[in-house]
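A closer look at the structure
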Amino acid sequence: MKQEEMETLRDLIKDVDTAMLTTVSDEGLVSRPMKTQEVEFDGDLWFFTKKETDKYKEILHNKDVNVAYAGKSYVSVRGRAEIVEDMAKKKELWSEAYEKIMQTTYDDPDVILIKVKAEAAEYWESGSLIKNIAFMYKRMTGKDAESAEINETLELDK
């Protein structure tokens, strides 16, 4: 991931408190809300969880995950997850909020980190929904935006 892409992604997700983490289970895809880490995004996303959770087991079996953010923009990050049990990293990322949410401390052996190495990301800035609608219209009908009289809506003020 290029530096400017990482900076764009960092700006898009930095104020989103909750992300949706999607893993692969035996039954199919499963999504659940996860608290976003307050760290500088460098291509990796970090989340706390416990070993007794389904997501822990699912990641051990299939490392492919997706993380979705909805805020001022919509961001979808595809990547590979790994389980991290490094005590120093847990201590570095831990906060009082986790203590309340997880009812334990970072040095609990059941507490682990999920590290998601971003492989690809897509985002839709708020206000560009019309662009997506016009594009989908063109793909579904085979007509271009001009003949659909949608093209003037593509000129959005940012």
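Residues numbered from 1 in each chain as written. Predicted model: local features only at pLDDT ≥ 70, side-chain atom pairs only at ≥ 80, totals over all residues. Heavy atoms only, no water.

Side note on unusual backbone geometry
Selection rule: Where helices and strands are cited, they refer to DSSP runs of H or I of at least four residues and of E of at least two residues respectively, numbered from the N terminus. Summary of the burial criterion: residues with accessible area below 20% of their type's maximum are buried, those above 50% are exposed, and those between are partly exposed, where the area comes from a 1.4 Å probe applied to protein chains only.
Backbone geometry at Gln-103 places phi at a positive 55 degrees, although glycine is not the residue there. By the element assignment, Gln-103 lies in the loop between helix H4 (96-102) and strand S6 (111-125). The exposure class of Gln-103 is exposed, given its relative accessible area of 66%.

Digging into the nonpolar core
Nonpolar side chains in soluble globular proteins generally cluster together in the buried interior. The condition is simple: Side-chain atoms within 4.5 Å link the members of a nonpolar core, which is a set of buried Ala, Val, Leu, Ile, Met, Phe, Trp, Tyr and Cys residues. Residue contacts are counted whenever heavy atoms from the two residues lie within 4.5 Å of one another.
Membership of the largest hydrophobic core comes to 23 residues, with the highest contact counts inside it found for Leu-45, Phe-47, Val-67, Tyr-69, Val-77, Ile-114 and Val-116. Among all residues touching Tyr-69, those that are not within four sequence positions of it are Ile-13, Val-16, Ala-19, Thr-36, Leu-45, Phe-47, Tyr-74, Val-75 and Val-77. Val-84, Leu-93, Val-111 and Leu-113 belong to the second-largest nonpolar core, a separate cluster that totals nine residues.

So, the pairing of strand S4 (residues 64-70)
A regular strand carries its side chains on alternate faces of the sheet. Test applied: Should DSSP find at least two bridges between two strands, the strands are regarded as paired.
Burial of the side chains of S4 is restricted to one face: Val-65, Val-67 and Tyr-69 are buried, whereas none of Asp-64, Asn-66, Ala-68 and Ala-70 on the reverse face is. When strand S1 (residues 18-25) meets S4, the two strands line up antiparallel, connected through four bridges. Paired with Ala-19 across the two strands is Tyr-69, which belongs to S4. In this structure, S4 lies alongside strand S5 (residues 73-84), joined through seven bridges in antiparallel fashion.

Quick word on the side chain of Thr-49
How we decide: Here a polar contact is recorded for every N or O atom pair within 3.5 Å, except that within protein the pair must consist of a potential hydrogen donor and a potential acceptor, and residues adjacent in sequence are included only if both atoms are side-chain atoms.
Residue placement: Thr-49 occurs in strand S3 (residues 44-50). Reaching out from Thr-49, the side chain makes a polar contact with the side chain of Thr-53 at a distance of 3.3 Å. For Thr-49, the side chain forms a polar contact with the side chain of Lys-55, separated by 3.2 Å. Setting aside its immediate chain neighbours within four residues, Thr-49 contacts Met-34, Lys-55, Met-102, Asp-110, Val-111, Ile-112 and Ile-114.

Digging into helix H2 (residues 54-61)
Rules: The directions considered for the arc are those from the helix axis to the C-beta atoms.
All buried positions along H2 are accounted for by Lys-55, Tyr-56, Glu-58 and Ile-59. Down the axis, H2 shows its buried residues gathered within 165 degrees of arc, on one side only. Seen from the buried face of H2, the exposed residues on the opposite side, beyond 90 degrees, are Asp-54 and His-61. Check the buried side of H2 and you find it contacts S1, strand S2 (28-35), S3, S4, S5 and S6.

Here's the deal with the confidence of the model for the protein chain
The following threshold applies: For every residue, the pLDDT score states the predictor's confidence, bounded by 0 at the bottom and 100 at the top.
Considering every residue of the protein chain, the mean pLDDT works out to 80; 77% of them sit at 70 or more. For residues 133-138, every residue scores under 50 in pLDDT, and the model assigns this stretch eight contacts once sequence neighbours within four places are set aside.

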